[in-house]
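Understanding the architecture of this molecule
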Amino acid sequence: MGNLFAHIKNLFSPFPKVKSLEGLQGLDKADMLFHNLIAEKKVPGLAVTVLNKGQMVLQKGYGFADVDKRIKVHPKDTVFRIASISKCITGLALGKMEEDGLVDLDESFYSYVPYYPKKKYDFTLRQLASHTAGIRGYRGKEYALNRDYSIKDGMEVFKNDPLFFEPGTGYLYNSFDFVLLSLAMQEASGVPFNEYVKDHILTPLGLKNTFSSVDIDFSSSADENKTRFYTKRALCFTEAVAVNNNYKLAGGGYLATCEDVAKLGQAILEQKLLEGATYEQLLTSQIIEDKPTYYGLGFQVSQDSNGRPFVGHVGNSVGAYTNLFVYPKQEKVVAILINCTDPKVQPFLDEAIDAVFEKLA
């Protein structure tokens, strides 16, 4: 019955009309593709920021942060879950810790977290950060866990399971790697992970609208500007299930505005804060059995749908789907945040990114 009411509400909601793409090119075409994602009810809300050589060439919100209340998305103010773009933030923090001598990437994880159950094989921080440690991925509905676990508590979910493969011999993308990585970083620094990241990465880079869920001050505008999180159904958008991402902050728990995500991308492009050699480690694909994994340390190191090399991350979590594409060669940054669990729109986003390049080649 609830779904039926939601459907009836959606029928009368002020979603815009679909517009023709005919004759449009470049940023105009990209703008219309994003507009039509809302008009066709493929996503409830979306924010986009595109930077070209450090200059903002497109910054816009589309659709709704709250469908029922008709609150529109604003790219400077609306706070989204950024999903796995969080791993890029963690990668920068890991690089900073290595530079400051707090961690050694090739040291055993157990040197930092001796109380983790011993496995058949040892593994390192570098292997955790590159998804080559053999830690398992989600099972069932673990991705939507709604328990208020600390980072240390979070390892209870998977700590007694065997490794999937001998570390360094395979690649398995997962978020539990980053639970363990952040636990080691927390133990090494002696301060809570979210505090270390805030003090050494977010604040120095001026990312004032990027938050851990612990850090969103509930009396502040940040919480007021937080989007609602949706799941796409056949007929409508319904509120996504409640989740608590505190324990997996490092792998997928950060929230931010689209403008801040683009600013993060620009900082990576300009290699701010860290040394060039550190960035090279973070942004170089690991090689397993003579083949690239297309993943560095917290960063996808890959190609977009048109074969253009990028670093960054695609993210998908409960109530969020995100893109951060940083193109070093073309000096472009594309940040796209959507307030809906995997809405299956990546081909449309790819088409819009192609249009951006068409204009700014």
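Residues numbered from 1 in each chain as written. Predicted model: local features only at pLDDT ≥ 70, side-chain atom pairs only at ≥ 80, totals over all residues. Heavy atoms only, no water.

As annotated in an unreviewed UniProt entry, the chain is Serine hydrolase from Flagellimonas yonaguniensis.

1. Observations concerning the overall build of the chain
Applicable threshold: Only DSSP runs of H or I covering at least 4 residues are called helices, and only runs of E covering at least 2 are called strands; the numbering of each starts at the N terminus. Using C-alpha atoms as the atom set, the radius of gyration is obtained and then compared with a globule rule of 2.2 Å times the number of residues to the power 0.38. To sort residues, take the accessible area from a 1.4 Å probe on protein chains only and compare it with the maximum for the residue type: under 20% means buried, over 50% means exposed, and anything in between is partly exposed. A contact between two residues is defined here by any heavy atoms of the two lying within 4.5 Å. To measure how exposed things are, a 1.4 Å probe is used in the Shrake-Rupley method; for residues, cover is taken only from the protein chains shown. Under this rule, positive means Lys or Arg and negative means Asp or Glu; His and the chain ends count for nothing. For the purpose of locating charges, the reference atoms are NZ of Lys, CZ of Arg, CG of Asp and CD of Glu.
Each helix and strand counted, the chain has 12 helices and 14 strands in total. Taken over C-alpha atoms, the radius of gyration comes to 20 Å for the chain, in line with the 21 Å a tight globule of 361 residues would show. In terms of principal-axis extent, the alpha carbons of the chain reach across some 60 × 50 × 40 Å. Split into buried and exposed, the 361 residues of the chain put 58% on the buried side. Long-range contacts, defined as pairs at least 24 residues apart, comprise 66% of the intrachain contacts of the chain with a sequence gap of at least 6. Here the chain has roughly 15,600 Å² of accessible surface; of this, 50% comes from carbon and sulfur atoms. Separation between the mean location of the 40 positive side-chain charges and that of the 43 negative ones in the chain comes to 8 Å.

2. Remarks on the sheet that holds strand 13 (residues 320–327)
Under the convention used in this document: Note: two strands are recorded as paired if DSSP finds a minimum of 2 bridges between them.
In space, the seven strands of this open sheet follow the order 3-2-1-14-13-12-11, with antiparallel pairing throughout. The sheet is open, and its two borders are formed by strand 3 (71–72) and strand 11 (300–303), each paired with just one other strand. Relative to strand 13, strand 12 (residues 309–317) is paired through seven bridges, and the arrangement is antiparallel. Note on strand 13: the bridge partner recorded for N316 is Y321.

3. Brief notes about the packing of aromatic side chains
For the record, the criterion: Note on aromatic contacts: the rings of Phe and Tyr and the six-membered ring of Trp form a pair at centre separations within 6.5 Å, being stacked when their planes are under 30 degrees apart, edge-to-face when over 60 apart, and tilted otherwise.
Evaluated as defined, the whole model comprises 16 aromatic pairs. Plain terms: the ring middles of Y171 and Y295 are 6.2 Å apart, the flat faces sit at 45° to each other, and that makes the pair tilted. You can see Y171 sitting in the loop between helix 5 (151–154) and helix 6 (176–189) and its partner Y295 sitting in the loop between strand 10 (291–292) and strand 11, a full 124 residues away along the chain. The class of Y171 is partly exposed, set by a relative accessible area of 32%. Aromatic rings pair up to connect F109, Y110, Y116 and F123 into one cluster.

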